[in-house]
Amino acid sequence: MSQKKKAVVLVNNEIILSSLEKILEGMGCETHRDIDSCREADFGFVGSYFALLGILNHIHAVRSSLPLVLVVSKEHDLDGDLELDRDFYDIVRLDSYDEADVRQKITQWFSEEHGALLVQGG
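What comes next concerns the included structure. Note that the structure is a prediction, hence the values are computed from the model and not measured.

Remarks on the overall build of the protein chain
And step 1. The secondary structure content of the protein chain amounts to six helices and five strands.
And step 2. Reading the protein chain from its N end, one meets helices and strands in the order β-α-β-β-α-α-β-α-β-α-α.
And step 3. Per-residue burial over the protein chain gives 43% buried out of 122 residues.
And step 4. Considering only intrachain contacts with a sequence separation of at least 6, the fraction spanning at least 24 residues in the protein chain is 58%.
And step 5. Put simply, the protein chain shows about 6,700 Å² of open surface, and 47% of that area lies on carbon and sulfur atoms.

Looking at the pattern of salt bridges
Close approach of charged atoms lets side chains of opposite charge pair.
And step 1. One pass over the structure, following the stated rule, counts four salt bridges.
And step 2. Between E99 and K22 there is a salt bridge whose closest N-O contact spans 3.4 Å. Of the two residues, E99 is situated in helix α5 (residues 99-111) and K22 in helix α1 (residues 14-26); the sequence distance between them amounts to 77 residues.
And step 3. A relative accessible area of 33% places E99 in the partly exposed class.

Quick notes on helix α3 (residues 55-62)
And step 1. For α3, every residue scored as buried is listed here: I55, L56 and I59. Down the axis of α3, the smallest arc covering the buried residues is 100°, so these residues share one side. Exposed residues pointing more than 90 degrees away from the buried face of α3 are listed as N57 and A61.

Considerations on the packing of aromatic side chains
And step 1. For the coordinates displayed, the defined rule picks out five aromatic pairs.
And step 2. Summarising the aromatic geometry, the rings of F43 and F45 are spaced 6.1 Å apart at their centres and angled 80° between planes, so their arrangement reads as edge-to-face.
And step 3. On the basis of relative accessibility, which here comes to 1%, the residue F45 falls in the buried class.
And step 4. Taken together, F43, F45, W109 and F110 form an aromatic cluster joined through their ring pairs.

Details of the pairing of strand β4 (residues 68-72)
And step 1. The element β4 is extensively covered by neighbouring structure, given that five of its five residues are classed as buried.
And step 2. Residues L68, L70 and V72 point to one face of β4 and V69 and V71 to the other, with burial holding for every one of them.
And step 3. Note that strand β3 (residues 43-47) and β4 share four bridges and pair parallel. For F45, the partnering residue across the bridge sits in β4 and is V69.
And step 4. As paired strands, β4 and strand β5 (residues 90-93) are joined by four bridges and run parallel to one another. The residue of β5 that forms the bridge with L70 is I91.

Considerations on the side chain of N13
And step 1. In this fold, N13 is placed in the loop between β1 (6-10) and α1.
And step 2. At a separation of 2.9 Å, a polar atom in the side chain of N13 contacts the main-chain amide nitrogen of I15.

Procedures and definitions
- Residues numbered from 1 in each chain as written.
- Predicted model: local features only at pLDDT ≥ 70, side-chain atom pairs only at ≥ 80, totals over all residues.
- Heavy atoms only, no water.
- Helix = DSSP H or I, 4+ residues; strand = E, 2+ residues; numbered from the N terminus.
- Buried < 20%, exposed > 50% of the residue type's maximum accessible area, 1.4 Å probe, protein only.
- Contact = heavy atoms within 4.5 Å.
- Areas by Shrake-Rupley, 256 points an atom, 1.4 Å probe, with all protein chains shown as cover.
- Salt bridge = Lys/Arg side-chain N within 4 Å of Asp/Glu carboxyl O.
- Arc of directions from axis to C-beta.
- Phe/Tyr/Trp six-rings, centres within 6.5 Å; stacked < 30°, edge-to-face > 60°.
- Pairing = 2+ DSSP bridges.
- Polar contact = N/O pair within 3.5 Å; in protein donor to acceptor, adjacent residues only side chain to side chain.

As structure tokens, then:
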């Protein structure tokens, strides 16, 4: 029996947070919402709002090698900040805060190469 993957989810929007947690738990992942969990996590999701606030420095201080996925919302778009983009394993861009749209985008991302690798092999 393989051990459950652990994911840290640091997102400030409840719709995105709830959607991510449901999808991850449905895939058999254990989810956490605190930076200290980065020590034991296999990967993490960071919302663009938190990225703009500088949370990456705290995450990197805890565990610099943790693969992170940036979740970009229209409201907190980073406008192509390439400096920030290189800190992430990949980026998921959302068009709206509609729960169905959020779930569709995130589920689609997990079915693609980067997302599948993160959960399966990572």
